[in-house]
Amino acid sequence: MEYIFIIPVILAAFLLVFGGLWASSLIAPSNPGQVKNATYECGEKTIGNAWVQFNVGYYLFGLIFLVFDVEAAFLFPWAVVLRETGILGLIEVLVFVVILILGLIYAWRKGALEWV
Amino acid sequence: MSSGSNSLIQGVSLSQWVGGNAWTDTPWLAFAAVLGGTALTIGFMSLTAMVLVYAERKIAAHFQCRLGPMRVGWHGILQSIADSLKLFFKEDIVPTNTDHLLHALAPALCVMATLLALITIPLSPSISIANMNIGVLFLSAVSGLGVLGILLGGWSSNNKWSLLGAMRAGAQIISYEISMTLSILVVVLFAGSMKFSTIIESQATGWWIWRVPVVGFVAFFIFLISSTAEINRTPFDLAEGESELTAGFHTEYSGLRFAMFFLAEYINLFIASSLGAILFLGGWMPFHIGHFSTFNHLMDLIPPGIWFAMKVCGLIFLSMWIRWTFPRLRVDQLMRLEWKILLPIGLVNLAIAACLILSEYYFFVWNPL
């Protein structure tokens, strides 16, 4: 029952935003225009769409992030029970982390950590 | 050591009360409690955001030798209310080229993530909505959802500024999440629990920032940097750098939709500060010094809620101070700071913390078993 508030809170968040938008649309003025509803680019005429293929610089960072975030998720239960597992648990996790650090060093040497 | 604090720490969260006998004995009362708790959370969120926006404007003004808002109410104290009313009455401009559904969904996702994170924060032993046994993990998981709202908002706007801002925000938030988790893990290691109330109770004899020699402070420092980056505040506000990207991911947002992003941003500041206060500064625990029993009893007189508020306000002020002190980073510097400096330091710090626990080489050894 610790999680009983999750669903009501999610519903409330959506109700707050969409209900607010609805209520605001009843009161607020609405005068759409071709120029007003154009994409804002500091007064210049928009050239082309923004939905194009472009170099997402952090693709490699995303991959490394995935590895380290999953690692952190694995470390949480270990962190809770470290006093019970003692030195053996520490050594096993250190082996695990050292392998990941080797991966980080590899990515570093390969230049994956440079923003291009 | 501190006999007075033991009587303080017993408290029941609202979800525990609902989950106890209330659900079977008085289902209507339990149902009303769930609704009331949700409504209270939303009310608390709105009030906190208003106070924080006013505080930020006032503090920023005084840092820059200005007066800030002065006209609405005494020293402009009603300025935030006037501003939210103004945003409510503003025209809701949605550009023709946007993806209309996702454009509306993005602020809702941001608000949802912050609300979910907010319910886990215990304000005092007797005021907490949901005291989960995996509280820390839950909080870091749901606060990571916020980046979805930012990415969606930036992409669906069909605007180059928004797209660039959203991409930068995505890269920044996922990168700094690792450092933040590693510094949180240090405290989880020492407290031996992921439950917020247990983490706070473990600091009855001293706060984790100074009880563990060096390690606690290094973890706090990493937490401070990475949480500032997580909530997109200066010096890490590349996602909305006004001088280069107009307003970043929320360039195409106006009226109430913009207000929702703004709300989520300030509540994230509150959540990050209270997380720092809970993990490193003892949450609602009073400040105690070893055997100075008179001093400790005096400190016990201040209610725990006030202690928590004071610590959170201190951290929020620190964050605002940082904002008006440091210049913005460049995006490659940002990435280098995380991956080549903070991440290695964080990993080494975690390993040292684990060794310290097993050797029990820290002040006032805490044994949760």
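Residues numbered from 1 in each chain as written. Chains lettered and ligands numbered in written order. Predicted model: local features only at pLDDT ≥ 70, side-chain atom pairs only at ≥ 80, totals over all residues.

### Examining the overall build of chain A
Using the following cut-off: Elements are defined by DSSP. Helices are runs of H or I of four residues or more, strands are runs of E of two residues or more, and each kind is numbered from the N terminus. Throughout, radius of gyration means the C-alpha value; the globule benchmark is 2.2 Å times the number of residues raised to the power 0.38. Field definition: a residue is buried when 20 or more other C-beta atoms are found within 10 Å of its C-beta, exposed when 12 or fewer are, and partly exposed for counts in between, with C-beta atoms placed from the backbone.
When its secondary structure is counted, chain A shows two helices and zero strands. Relative to its length of 116 residues, chain A is extended, with a C-alpha radius of gyration of 25 Å against a globular reference of 13 Å. Projected onto its principal axes, the C-alpha coordinates of chain A cover approximately 70 × 50 × 15 Å. By residue count, 19% of the 116 residues in chain A fall in the buried class.

### Some words on the interface of chain A and chain B
Applied cut-off: C-beta atoms are first placed from the backbone for all residues, and any pair lying within 7 Å is then listed as a contact. Classes in brief: Ala, Val, Leu, Ile, Met, Phe, Trp, Tyr, Cys and Pro nonpolar; Asp, Glu, Lys and Arg charged; the others, Gly included, polar.
At the interface, 56 residues of chain A touch 67 residues of chain B. Of all the secondary structure elements, the ones that give two or more residues to the side of chain A that touches chain B are α1 (6-27) and α2 (59-109) of chain A. Looking at the side of chain A that touches chain B, the element that brings in the most residues is α2(A), giving 18 residues. Taken together, the residues of the side of chain A that touches chain B break down into 41 nonpolar, 10 polar and five charged.

### Concerning the environment of Tyr266(B)
Considering the arrangement of structural elements, one finds Tyr266(B) in helix α13 (residues 255-280). The contacts of Tyr266(B), once residues within four sequence positions are left out, are Ala49(B), Leu52(B) and Val53(B).

### Topic: the nonpolar core
For clarity, the threshold we go by: Joining buried Ala, Val, Leu, Ile, Met, Phe, Trp, Tyr and Cys residues through C-beta atoms within 7 Å gives a set, and that set is a nonpolar core. Boundaries of every domain are those given by an automatic assignment or by a domain database.
With 133 residues, the main nonpolar core has Val111(B), Leu115(B), Leu185(B), Val187(B), Val188(B) and Leu189(B) as its most contacted residues. In terms of residue count, the dominant contributor to this core is helix α8 (residues 160-191) of chain B (21 residues). When residues of this core are sorted by domain, at least three fall in each of domain 1 (1-30) and domain 2 (53-116) of chain A.

### A closer look at the packing of α8(B) against helix α11 (residues 215-230) of chain B
All names here are of chain B. The condition is simple: Inter-axis angles, ranging from 0 to 180 degrees, are taken between N-to-C directions of lines fitted to C-alpha atoms, where helices are fitted over the stretch in contact. Roughly parallel refers to an angle under 35 degrees, roughly antiparallel to one over 145, roughly perpendicular to one between 65 and 115, and oblique to any angle outside these ranges. It is the rotation of the near helix from the far one that decides the hand of a crossing: anticlockwise by less than a right angle makes it left-handed, clockwise makes it right-handed.
Across the interface, α8 lies against α11 with an axial gap of 8 Å and an inter-helix angle of 155°. In terms of orientation, α8 lies roughly antiparallel with respect to α11. The hand of the α8/α11 crossing is left-handed. Between α8, through Gln172, Ile173, Tyr176, Glu177, Ser179, Met180, Ser183, Val186 and Val187, and α11, the contact on the second element is made entirely by Val215, Ala219, Ile222, Phe223, Ser226, Ser227, Ala229 and Glu230.

### Focus: the packing of α2(A) against helix α16 (residues 331-359) of chain B
At a minimum axis distance of 12 Å, the contact between α2(A) and α16(B) shows a crossing angle of 10°. Between α2(A) and α16(B), the interaxial angle falls into the category roughly parallel. For the pair α2(A) and α16(B), contact is made by Phe61(A), Leu82(A), Arg83(A), Gly86(A), Ile87(A), Leu90(A), Leu94(A), Val97(A) and Ile101(A) and by Met335(B), Leu347(B), Ala351(B), Ala354(B), Ile357(B) and Leu358(B), respectively.

### Section: the domain arrangement of chain A
For an interface, size is often stated in terms of accessible area lost upon the parts coming together. If you check the domain split of chain A, you get domain 1 (1-30) and domain 2 (53-116). The centre of domain 1 of chain A, based on its C-alpha atoms, is set 38 Å off from the matching centre of domain 2 of chain A.

### Examining the environment of Ser193(B)
Residues and elements named next belong to chain B. Assignment of secondary structure puts Ser193 in the loop between α8 and α9 (196-201). Given 20 C-beta atoms within 10 Å, Ser193 falls into the buried group. Residues Ser193 and Ile134, 59 residues apart in the sequence, show an inter-C-alpha distance of 8.1 Å.

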